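Observations on the model geometry
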Amino acid sequence: MSNIDPVPGYQTHNQPSGPDRSARNQAAARRTALTVCTIADIAAGLLGLWILLFLLDANQANVFVEFVRGTADWLAWWSQDIFTMDTEGLRVVLNYGLPAVMYLLIGHGIAARLNRA
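1. Quick word on the pattern of salt bridges
- Taken as a whole and judged by the stated rule, the model has three salt bridges.
- The partner of Arg 91 in a salt bridge is Asp 81, and the shortest N-O contact between them spans 4.0 Å. Here Asp 81 lies in the loop between α2 (63–75) and α3 (88–116) and Arg 91 lies in helix α3, a separation of ten residues in the sequence.
- Judged by its relative accessible area of 51%, Asp 81 falls in the exposed class.
- As a salt-bridge pair, Arg 91 and Glu 88 come within 2.3 Å of each other at their nearest N and O atoms.

2. Side note on unusual backbone geometry
- Of note, the phi angle at Asp 57 is positive, near 60°, even though the residue is not glycine.
- For Asp 57, a relative accessible area of 66% gives the class exposed.

About the cut-offs
Residues numbered from 1 in each chain as written. Predicted model: local features only at pLDDT ≥ 70, side-chain atom pairs only at ≥ 80, totals over all residues. Heavy atoms only, no water. Salt bridge = Lys/Arg side-chain N within 4 Å of Asp/Glu carboxyl O. Helix = DSSP H or I, 4+ residues; strand = E, 2+ residues; numbered from the N terminus. Buried < 20%, exposed > 50% of the residue type's maximum accessible area, 1.4 Å probe, protein only.

Laid out in structure tokens, this is it:
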């Protein structure tokens, strides 16, 4: 027999295991980057949707509008009342638009960094 494995069926430490590890790591980084991008896009989309619903004077008693507003309030808790304008529409655009832009910039920045790794 010409088998040089110490124990047949087991891999030693110096043998590569299956597909190339760097290819698996790159694939995992791409999946993670896609997940981060998707979460950032959904957060920004919900904030943008709330801005749109507010500017279009949507029915505040509607269940869907209440859900979007509650989610937008939760996502933008840190930016509430940064801008205090006399015009209510401009106040909503700035106070909810800032976190939407920040989520997009930070989320896509993290994703770009993960894709480079």
